[in-house]
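# Structure at a glance
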Amino acid sequence: DAREALKKQSAERALRYVEEGTVVGVGTGSTVKYFIEGLADFRDRIEGAVSSSEQSTALLKQIGIPVLDLNATGTLPLYVDGADECDPHRRLIKGGGAALTREKIIAACSQRFVCVIDGAKQVDILGGFPLPVEVIPMARSYVARQLVALGGQPVWRDGVTTDNGNAILDVHNLRIVDPVALEKAINQIVGVVTVGLFAARAADVVIVDGKERG
Ligand code: DER
């Protein structure tokens, strides 16, 4: 449909950032799926990829791209990933696909984070999309109480366990006017592994409906 075509255009535009002989950081989700399919053309010209999820690893292996260990690759020149929401300062809500922890790790290790979205994800203020928070299972209720104290309405993503064996709380009813401050505040709560706010380390480039946004 039209939205899928726009996601595909963004993902394919991101291929321009892939440099020969490098290791590419690869995100997770339906938009990144198009990017991975496009990587097939680079199979013999890149070293390999570092993957943010078992889901993306399977796709990369299907097209014959070596999946490498981040501990062996060190800093990457490029990370390509989607998002659930993006504000005017390229700050993101991520985690809809439950891969936020490894995504955030690779984004931290990458020189250029290129975010690929369709226009429906652009917002002025983050928070319309429930904010994913990955938590250590035994701390789920404790963290939920702390998130209520921060003004959120946490909902357990029941039946979902992340690749790291953790649980996810999706926090509704937030209007995030200061994403960096909220990212720090939630990171402080013991039992939180990762919050799906990419604000301290925002995207460097955002491609929306196939066009680069300044
Ligand atoms: O879970 C994630 O962070 C994904 O990147 C998600 O935010 C985007 O997935 P989509 O491209 O399928 O919308």
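Residues numbered from 1 in each chain as written. Predicted model: local features only at pLDDT ≥ 70, side-chain atom pairs only at ≥ 80, totals over all residues. Heavy atoms only, no water.

Per an unreviewed UniProt entry, the protein chain is named Ribose-5-phosphate isomerase A, and its organism is Pseudomarimonas salicorniae. One UniProt comment on the protein chain, placed under Sequence similarities (unreviewed entry), says "Belongs to the ribose 5-phosphate isomerase family." In its Pathway (unreviewed entry) section, UniProt records this for the protein chain: "Carbohydrate degradation; pentose phosphate pathway; D-ribose 5-phosphate from D-ribulose 5-phosphate (non-oxidative stage): step 1/1." (UniProt positions renumbered as here; feature names shortened; annotations may be inferred.)

## Re the overall build of the protein chain
Of the regular secondary structure elements, the protein chain holds seven helices and 13 strands. On C-alpha atoms alone, the protein chain measures out to a radius of gyration of 17 Å, which is about the 17 Å that the 2.2 N^0.38 rule sets for 214 residues. With the principal axes as the frame, the protein chain shows a C-alpha extent of 50 × 35 × 30 Å. In the protein chain, of all internal contacts separated by at least 6 residues, the share reaching a separation of at least 24 is 75%. Carbon and sulfur atoms make up 49% of the accessible area of the protein chain, which amounts to about 9,600 Å² in all. Placing the 24 positive and 27 negative side-chain charges of the protein chain at their respective mean positions leaves the two points 3 Å apart. (Helix = DSSP H or I, 4+ residues; strand = E, 2+ residues; numbered from the N terminus. Rg over C-alpha atoms; globule rule 2.2 N^0.38 Å. Contact = heavy atoms within 4.5 Å. Areas by Shrake-Rupley, 256 points an atom, 1.4 Å probe, with all protein chains shown as cover. Lys, Arg positive; Asp, Glu negative; His and termini not counted. Charge placed at Lys NZ, Arg CZ, Asp CG, Glu CD.)

## Digging into the nonpolar core
Core analysis: the biggest nonpolar cluster contains 24 residues, and Val18, Val26, Phe35, Leu39 and Val114 have the highest contact counts within it. Breaking this core down by element, the ones donating at least two residues are α1 (2–14), β1 (23–26), α2 (30–39), β3 (76–81), β6 (110–117) and β12 (205–208). With five residues, the top contributor of residues to this core is α2. Setting aside residues no more than four positions away along its own chain, Val18 makes contact with Val24, Phe35, Leu39, Phe42, Ile46 and Leu78. Judged by nonpolar contacts, the second largest core, of 20 residues, contains Leu131, Val143, Leu169 and Leu182. (Core = buried A, V, L, I, M, F, W, Y, C linked by side-chain atoms within 4.5 Å. Buried < 20%, exposed > 50% of the residue type's maximum accessible area, 1.4 Å probe, protein only.)

## Observations concerning empty space enclosed by the protein
Within this structure, the stated rule accounts for one cavity of 30 Å³ or more. Reported here for the largest cavity is a volume of approximately 30 Å³. Ser52, Ala98, Ala99, Thr101, Arg102, Thr162, Asp163 and Asn164 are the residues that line the largest cavity. In terms of residue class, the lining of the largest cavity is made up of two nonpolar, four polar and two charged. (1 Å grid on protein atoms, 1.4 Å probe; cavity = no way out; pocket = protein on both sides within 12 Å on 5 of 7 lines; lining within 4 Å. Points joined across faces, edges and corners; volume = space filled by probe spheres on them. Nonpolar A, V, L, I, M, F, W, Y, C, P; charged D, E, K, R; others polar.)

## Some thoughts on the sheet that holds strand β4 (residues 85–86)
Across the sheet, three strands lie side by side as β4-β5-β11; this open sheet has antiparallel pairing. Strands with a single pairing partner mark the edges of an open sheet, and in this sheet they are β4 and β11 (197–198). Here strand β5 (residues 92–93) pairs with β11 via two bridges, running antiparallel. Bridging from a neighbouring strand, Leu92 pairs with Phe198 of β11. (Pairing = 2+ DSSP bridges.)

## Quick notes on the site of the ligand
Close contacts around the ligand come from 15 residues, with Ser30, Thr31, Gly97, Glu103 and Lys121 the closest. One of the backbone N or O atoms of Gly96 is found 3.2 Å from an oxygen atom in the ligand. A molecule is said to occupy a pocket when more than half its atoms come within 2 Å of that pocket's grid points, and by this definition the ligand occupies the largest pocket. Taken together, the residues that form the shell around the ligand break down as two nonpolar, eight polar and five charged. (Near = heavy atom within 4 Å. Polar contact = N/O pair within 3.5 Å; in protein donor to acceptor, adjacent residues only side chain to side chain. Sits in = over half its atoms within 2 Å of the grid points.)

## Looking at the sheet that holds strand β8 (residues 153–156)
Spatially, the four strands line up as an open sheet ordered β8-β9-β7-β10, and their pairing is antiparallel. The strands lining the two open edges of the sheet, one partner per strand, are β8 and β10 (192–195). If you compare each strand with its neighbour and ignore which way they point, the axes differ by 30° on average. When strand β7 (residues 131–135) meets strand β9 (residues 167–172), the two strands line up antiparallel, connected through five bridges. Within β9, the residue paired with Val133 across the bridge is Leu169. (Axes fitted to C-alpha atoms, helices over the stretch in contact; angles between N-to-C directions.)

## Describing the UniProt feature "active site" (unreviewed entry) in the protein chain
Sites flagged by UniProt as "active site" (unreviewed entry) map to Glu103. Structurally, Glu103 can be placed in helix α5 (residues 100–108). The class of Glu103 is buried, set by a relative accessible area of 3%. Aside from chain neighbours lying at most four places away, what touches Glu103 is Gly27, Thr28, Ser52, Tyr79, Asp81, Lys94, Gly95 and Phe198.

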